[in-house]
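# What the coordinates show
The chain contents come next:
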Amino acid sequence: MVAGATGVIIAGAASFAFIESSATFKRLNNQYDTESEMLRMMYVLKATFQQTSSIIYKGALACNAETQRGQPHYRASRGVLCSGNFNNANDGAVNMIAMGLREMGGYGTPAQSEFQAYGIYYKNPSGNRSGALYVDLERFTDSWAVVSPMNAPFEFTRLTEFEVNSVQAMDDNRDIVTTAGAGENVAMSAEIRAVMRTFVGGQTAAWRWCPAAMIAGNPACQNSPRYMDMEKRMKVKFSNNILTPPTGDSSQYSLPRRALGNLYYFRGIVPVMKQ
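Computed from a predicted model, the values in this text were never measured in an experiment. (Residues numbered from 1 in each chain as written. Predicted model: local features only at pLDDT ≥ 70, side-chain atom pairs only at ≥ 80, totals over all residues. Heavy atoms only, no water.)

### Considerations on the overall build of the protein
Tallying secondary structure elements over the protein gives 4 helices and 10 strands in all. Listing the helices and strands of the protein from first to last along the sequence gives α-β-α-β-β-β-β-β-β-β-β-α-α-β. Among the 275 residues that make up the protein, the fraction classed as buried is 49%. Partitioning the contacts of the protein with sequence separation of at least 6, the portion at a separation of at least 24 is 69%. Total accessible area computed for the protein in this model is approximately 13,700 Å², and 55% of it derives from carbon and sulfur atoms. (Helix = DSSP H or I, 4+ residues; strand = E, 2+ residues; numbered from the N terminus. Buried < 20%, exposed > 50% of the residue type's maximum accessible area, 1.4 Å probe, protein only. Contact = heavy atoms within 4.5 Å. Areas by Shrake-Rupley, 256 points an atom, 1.4 Å probe, with all protein chains shown as cover.)

### Things to note about the pairing of strand S9 (residues 186-199)
Regular strands have side chains that alternate between both faces of the sheet. The buried fraction of S9 amounts to 14 of the 14 residues, a majority that puts the element mostly inside the structure. One ladder, built from 9 bridges, connects strand S7 (residues 154-170) with S9; its direction is antiparallel. Bridge pairing links Phe 162 to Ala 194 in S9. (Pairing = 2+ DSSP bridges.)

### Description of the environment of Asn 95
The residue Asn 95 is located in strand S4 (residues 94-103) in this model. Sequence spacing of Asn 95 and Asn 124 is 29 residues, and the spatial spacing of their C-alpha atoms is 8.0 Å.

### A closer look at the state of the cysteines
Summed over all chains, the structure comprises 1 disulfide. Each disulfide pairs two cysteine sulfurs, and for Cys 210 the partner residue is Cys 221, the sulfurs being separated by 2.0 Å. Across the S-S bond linking Cys 210 and Cys 221, the dihedral sits near -80°, which makes this disulfide left-handed. Of this pair, Cys 210 sits in the loop between S9 and helix H3 (212-215) while Cys 221 is found in helix H4 (residues 219-222), placing the two residues 11 residues apart along the sequence. Each member of the pair Cys 210 and Cys 221 is classed as buried. (Disulfide = S-S within 2.5 Å.)

### Some words on the pairing of strand S2 (residues 79-82)
Neither face of S2 is exposed, since Gly 79 and Leu 81 on one face and Val 80 and Cys 82 on the opposite face are all buried. In the sheet, strand S1 (residues 55-59) pairs with S2 via 4 bridges, with the strands oriented parallel. The partner of Ile 55 across the bridge, within S2, is Gly 79. One ladder, built from 2 bridges, connects S2 with S4; its direction is antiparallel. Within S4, the residue paired with Val 80 across the bridge is Met 99.

### Details of the side chain of Thr 52
By the secondary structure assignment, Thr 52 is in the loop between helix H1 (2-49) and S1. Overall, the relative accessible area of 0% leaves Thr 52 in the buried class. At 3.4 Å, the side chain of Thr 52 forms a polar contact with the backbone oxygen of Thr 48. Discounting residues that sit within four places of it in the chain, Thr 52 has contacts with Leu 101, Arg 102, Tyr 118, Phe 238, Asn 240 and Asn 241. (Polar contact = N/O pair within 3.5 Å; in protein donor to acceptor, adjacent residues only side chain to side chain.)

As structure tokens, then:
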């Protein structure tokens with residue numbers, strides 16, 4: 001009898017240890033996936049922004065209505081960067097963050113500039129759907145390219161909050177400013193803040209993605225398994241941004257002064273990642 005009871009206890013302990021180790025594995029695996037998603041997203045954002053060739057700072061604008069399907073021109077487009085704190089929305093709305101051209105050529109010869117259009121969009125979380133960031137990279141056809149979150153090759157999920165803030169720009173007088181202004185203030189740098197969520201347990205359908213500021217006053221957001229939020233901030237510099245508007249002459253992308261000096265004219269690096 002004693003031996004039988006001992007066997008039951010040992011079997012129970014083994015079962016508990018297996019269940020506990022399985023839960024730990026799932027938690028760590030989910031955490032790893034979230035951290036990997038964050039690093040991939042920040043890499044693509046940095047690679048895109050630092051090679052932007054012509055973009056101005058437009059401030060905190062609700063510019064998503066007219067730019068969900070933008071059409072940058074190869075030689076005559078001036079891109080836009082919008083700032084915003086998307087920390088108090090749980091409606092699934094899509095917001096445009098930036099749209100413009102990025103350098104993809106060069107090869108050490110200034111006259112060989114080659115550009116690719118891009119659009120960056122953030123979709124607010126909604127109920128049991130996380131927020132998402134879309135980065136669309138498109139080549140030109142007959143001098144035009146269509147960018148949209150609908151056909152973006154890069155999609156990053158697990159987001160609950162996203163911000164573009166602390167923007168520095170250069171105004172028409174070549175003074176460094178932190179506001180959009182009435183003129184074409186050329187973007188020089190910005191800070192990106194993102195928050196992704198990893199869950200400790202529970203079924204996927206029960207996960208809730210409400211921003212932290214909304215949880216206390218929203219019962220629907222409180223009915224969620226335990227979770228942990230991961231925050232990351234990154235300073236990006238628009239190193240290749242030109243100070244003069246496009247004129248149609250390819251040489252003007254290399255000869256005029258850039259936001260951080262001509263030293264920063266170099267070939268772009270294409271983000272190559274497994275999807």
